[in-house]
Amino acid sequence: MDILGVVATALWAMLPAYVPNNAAVLAGGGRPIDGGRTMGGRRLLGDGKTWRGTLAGTLAGTALALALSAVTPAVSAAVGHSLPRFPVLAGLGLAFGAMLGDIGASFVKRRSGRERGAAFPGLDQLDFVVGALLCAFVLAPSWFGRTFTLPVVVAILLVTPLLHVVTNGIAYLLGLKNEPW
Ligand code: CTP
Ligand code: K
Ligand code: MG
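From a predicted model like this one, the values you see are computed outputs, not experimental measurements. (Residues numbered from 1 in each chain as written. Chains lettered and ligands numbered in written order. Predicted model: local features only at pLDDT ≥ 70, side-chain atom pairs only at ≥ 80, totals over all residues. Heavy atoms only, no water.)

Some details on the site of ligand 1
At step 1: In the vicinity of ligand 1 there are 17 residues, among which Lys49, Thr50, Ser106, Arg116 and Gly117 approach most closely.
At step 2: Separating an oxygen atom of ligand 1 from a backbone N or O atom of Gly117 is a distance of 2.8 Å.
At step 3: Lys177 is positioned with one of its side-chain polar atoms (N or O) 3.1 Å from an oxygen atom of ligand 1.
At step 4: Coverage of ligand 1 by the protein chains reaches 89% of its 570 Å² of free accessible surface.
At step 5: Looking at the shell around ligand 1, the elements that each hand over two or more residues are helix H1 (3–27), helix H2 (51–79) and helix H3 (88–111). (Near = heavy atom within 4 Å. Polar contact = N/O pair within 3.5 Å; in protein donor to acceptor, adjacent residues only side chain to side chain. Areas by Shrake-Rupley, 256 points an atom, 1.4 Å probe, with all protein chains shown as cover. Helix = DSSP H or I, 4+ residues; strand = E, 2+ residues; numbered from the N terminus.)

Have a look at this one:
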């Protein structure tokens, strides 16, 4: 596969993992997952990780995966590359995994003394990628093996931080997010 095909596959396959965090920003609020509990004097996760945001993000990413599957042949023809469809478990794994990765990062941030909203460069940009890939591997191993070849994974790791910075910057400028990360 040429480099454009690799990048197109990387972006396409990760769309169901890119959307959940943004959906959570729009839908978030309500009861925090940690219920206010603390560990070592600091919140377990913090008020930024809620049940509603997590559910909304997971549903949005899974729904997007199903919608993308319906238009895969048309988009593949348009871009001239054979893009993958998303089995339900692959979409669910990518979406829920993205949320889990983000939640895991908040756990790490709180343990390292960072308050809600504090930046953790590197972790902020890749937490959801690691979570999404791990979860997709667990829930849809054969789809994972077919889709995420080594070059595709490398492309994801290179392109995602860039996309993350741009989309979060836009969300911040639109007043949707309190911090641009
Ligand atoms: N959000 C949510 N549930 C999630 C993830 C995000 O409700 N599982 C919402 C919250 O309103 C959160 C906002 O999306 O404040 C932005 O998400 P994020 O930047 O991940 O959270 P932060 O508030 O910055 O908190 P943290 O420092 O823990 O990342
Ligand atoms: K985050
Ligand atoms: Mg944040």
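Let's talk about the packing of H1 against helix H4 (residues 123–139)
At step 1: Following both chains from N to C, one finds H1 and H4 inclined at 130°, their axes separated by 10 Å at the closest point. It follows from the interaxial angle that H1 and H4 lie oblique. Read as a crossing pair, H1 and H4 show a hand that is right-handed. Here Met14, Ala17, Tyr18 and Asn21 of H1 lie close against H4, whose contacting residues are Phe128, Val129, Ala132 and Leu133.
At step 2: Among the residues forming the contact of H1 with H4, the class breakdown is seven nonpolar, one polar and no charged. (Axes fitted to C-alpha atoms, helices over the stretch in contact; angles between N-to-C directions. Parallel < 35°, antiparallel > 145°, perpendicular 65-115°, else oblique. Left-handed = near helix turned anticlockwise from the far one by under 90°. Contact = heavy atoms within 4.5 Å. Nonpolar A, V, L, I, M, F, W, Y, C, P; charged D, E, K, R; others polar.)

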